Amino acid sequence: MPEPAMPRPRAGMREVAARAGVSTQTVSRVINDHPHIRPETRNRVLDAMADLGYRVNNAARTLGTRTSRTLGVIASDATLYGPSVGIAALETSAREAGRWIATAYADASSEASVREAADRLLGQGVDGLIVLAPHATTLAALLDARLGVVITALHADTGATRQEEGASLAVDHLVSLGHRRIARVVGPGDWLEARWRDAGGARALAAAGLEPGVRWSGDWTAASGADLAAEVAAAVRSVDGPTAIAAANDQMALGLIAGLRAAGLDVPGDVSIAGFDDNPDAAFYHPALTTVGLDLAGEARRAVAAVLGGDSVDPAPPVLVARASTAPPRGI
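Notes on the structure follow. (Residues numbered from 1 in each chain as written. Predicted model: local features only at pLDDT ≥ 70, side-chain atom pairs only at ≥ 80, totals over all residues. Heavy atoms only, no water.)

1. Focus: the overall build of the protein chain
Quick reminder of the rule: Helix and strand assignments follow DSSP, with helices taken as H or I runs no shorter than four residues and strands as E runs no shorter than two, numbered in order from the N terminus. Think of it in three bands: residues with accessible area under 20% of the maximum for their type are buried, residues over 50% are exposed, and the middle band is partly exposed, with areas taken using a 1.4 Å probe on protein chains only. Throughout, a contact is declared for two residues whenever any of their heavy atoms are within 4.5 Å.
Along the protein chain, the regular secondary structure elements total 13 helices and 10 strands. Taken over the C-alpha atoms alone, the protein chain extends approximately 80 × 55 × 40 Å along its principal axes. Residue burial in the protein chain is summarised as follows: out of 332 residues, 48% are buried. Within the protein chain, residue pairs in contact and separated by at least 24 positions form 72% of the contacts whose partners lie at least 6 positions apart.

2. Notes on empty space enclosed by the protein
We apply this condition: Any residue with an atom within 4 Å of a point lines the site, the site being either a cavity, points on a 1 Å grid over the protein atoms alone where a 1.4 Å probe fits but cannot get out, or a pocket, an open set with protein on both sides within 12 Å along at least 5 of 7 lines. Grid points are joined across faces, edges and corners, and a volume is the space filled by probe spheres set on the points. Note that Gly is not counted as nonpolar here; it falls among the polar residues with everything else outside the nonpolar set of Ala, Val, Leu, Ile, Met, Phe, Trp, Tyr, Cys and Pro and the charged set of Asp, Glu, Lys and Arg.
Tallied over the full model, the rule gives 2 cavities of 30 Å³ or more. The space that makes up the largest cavity amounts to roughly 110 Å³. Along the walls of the largest cavity sit 14 residues, with Ala 167, Arg 197, Ala 246, Ala 247 and Ala 248 positioned nearest its centre. Mapped by element, the contributors of at least two residues to the lining of the largest cavity are α8 (158-176), β5 (182-186), α9 (192-207) and β7 (244-247). The class makeup of the residues in the lining of the largest cavity is 9 nonpolar, 2 polar and 3 charged. If you add up the space inside the second largest cavity, you get close to 40 Å³. Ile 74, Ala 75, Ser 76, Ala 106, Asp 107, Ala 108, Val 114, Val 131, Leu 132, Ala 133, Pro 134 and Thr 138 together form the lining of the second largest cavity.

3. Some details on the environment of Leu 132
Mapped onto the fold, Leu 132 is located in the loop between β3 (128-131) and α7 (136-144). Overall, Leu 132 belongs to the buried group, its relative accessible area being 3%. C-alpha separation for the pair Leu 132 and Pro 83, spaced 49 residues apart in sequence, amounts to 6.3 Å. Once residues lying within four places of it in the same chain are set aside, the contact partners of Leu 132 are Val 73, Ile 74, Ala 75, Ser 76, Pro 83, Gly 86, Ile 87, Leu 90 and Leu 154.

4. Concerning the packing of helix α11 (residues 229-237) against helix α12 (residues 250-262)
Geometry of a packed helix pair, given as the angle between the helix axes and the separation of the axes. The cut-off we apply is this: Axis lines are fitted to C-alpha atoms, over the contacting stretch for helices. Their N-to-C directions set the angle, which ranges from 0 to 180 degrees. Helix crossings are classified by the rotation of the near helix relative to the far one: an anticlockwise turn of less than a right angle makes the crossing left-handed, while a clockwise turn makes it right-handed.
Taken N-terminus to C-terminus, the directions of α11 and α12 make an angle of 65 degrees; their axes are 9 Å apart at the nearest point. For the pair α11 and α12, the sense of crossing is right-handed. Residues Ala 229, Val 232 and Ala 233 of α11 form the contact with α12, whose participating residues are Leu 256, Gly 259 and Leu 260. In terms of residue class, the contact of α11 with α12 is made up of 5 nonpolar, 1 polar and no charged.

5. Considering the sheet that holds β5
Here is the rule: Paired strands, as defined in this entry, are two strands with at least two bridges between them according to DSSP.
Taken in spatial order, the 4 strands of this open sheet run β6-β5-β7-β8, and their pairing is parallel. Of all the strands in the sheet, the pair left with one neighbour each is β6 (215-217) and β8 (272-274). Averaged over all adjacent pairs, the angle separating strand axes in this sheet is 20 degrees, with direction ignored. As paired elements, β7 and β8 share 3 bridges and run parallel to each other. Considered in β8, the bridge of Ala 244 is made with Ser 272. Its contacts with the sheet put α8 on β5, β7 and β8, and the angle it makes with β7 is roughly 165 degrees.

6. Topic: a negative patch on the surface
Formally: Only residues whose relative accessible area exceeds 30% and that form no salt bridge enter a patch; like-charged residues are grouped when within 9 Å of one another, and nonpolar side chains (Val, Leu, Ile, Met, Phe, Trp, Tyr) when within 5 Å. Computed with a 1.4 Å probe, the accessible areas rest on the Shrake-Rupley method; for each residue, only the protein chains presented here act as cover. The term salt bridge refers to a pairing of a side-chain nitrogen on Lys or Arg with a carboxyl oxygen on Asp or Glu at a separation within 4 Å. In summary, the charge assignment counts Lys and Arg as positive and Asp and Glu as negative, without counting His or the chain termini. Every charge is mapped onto a representative atom, which is NZ of Lys, CZ of Arg, CG of Asp or CD of Glu.
Together, Asp 77, Asp 107, Asp 219 and Asp 227 line one region of the surface with negative charge. With respect to the helices and strands, the residue Asp 77 is situated in the loop between β1 (70-75) and α5 (81-96).

7. Quick word on the side chain of Thr 41
Here Thr 41 lies in helix α3 (residues 39-52). Accessibility expressed as a relative area gives 7% for Thr 41, which makes it buried.

8. Observations regarding the packing of helix α1 (residues 13-20) against α3
For the record, the criterion: Roughly parallel refers to an angle under 35 degrees, roughly antiparallel to one over 145, roughly perpendicular to one between 65 and 115, and oblique to any angle outside these ranges.
With their axes 9 Å apart at the nearest point, α1 and α3 run at an angle of 120 degrees to one another. For the element pair α1 / α3, the angle class is oblique. Where α1 crosses over α3, the handedness of that crossing is right-handed. Residues Glu 15, Val 16, Arg 19 and Ala 20 of α1 form the contact with α3, whose own contacting residues are Arg 44, Val 45, Ala 48, Met 49, Asp 51 and Leu 52. Residues of the contact of α1 with α3, tallied by class, amount to 6 nonpolar, no polar and 4 charged.

9. Focus: α8
For the record, the criterion: Under the convention used throughout, the expected extent of a helix is 1.5 Å for every residue step, that is, one less than its residue count.
Between its first and last C-alpha, α8 extends 26 Å over 19 residues, near the 27 Å set by a 1.5 Å rise per residue. Downstream of α8 by one or two residues, Gly 178 has phi in the positive range, about 110 degrees.

In structure tokens, the structure reads:
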């Protein structure tokens, strides 16, 4: 059996400076993003760091620069599609900006839990906070606390408008197919994203001159969509019942479709279903789900830029992805 390989000695700033042919002060300036370093010198130092496997001592750099180069992310409900992919998008965007992320998980409905998560991250010296899947009250509490760092949410500011626009796209699509009795399954009312999507759907119905229709509430999960299926099926079978339903996310749409099929209804023959998020599995639902896609990478870059004070980033507008779960109502 071969002997385990011994780790090579850890390279320090002096070794990097010697390999790159520069002073240790120059290496320090490159590490700390000093603006007055020639590109060829910066690249030479970075190449030397890579060759030697040099790792920046982030704690030591924080002492010298008053910046940890780390962004704090407060997340909740990470088992859901939106928050889980949001964390991944933020990590990628932070890395592109030469930063890292530190994540603390909290019960987004509890102000004390969110504040504890913020305190834990602030104790690590993070340069700013980004909140994922915020509840209205807890986000307001953080903003009012004056914690001394920039705080934003993944879908803050113009992101709210894009959430509303996305929900409007789903309803507009159903209207374009000829549906005039459109119901909705909305998310939990204390989530900001649920409120924005609810507002967008209501606005689109009003713009089309249609009644608000029946409105059911879920908790974002497929199970909650399935739990609503019996009540939804009864409504669809009633006189003047809905011929189409816009769900506030793909997971609730998935559960609803499964429940309606179990109740003997056909999608889209008896009722069309549209979702929101365009998660990677949506194309493989049965039937494939019509949904709305957001530029999540762009939203993450906007949030990172907002915390770092960089140039404004404009994410792409939401996009409707039409698939087999929506069709014209029978008789059209």
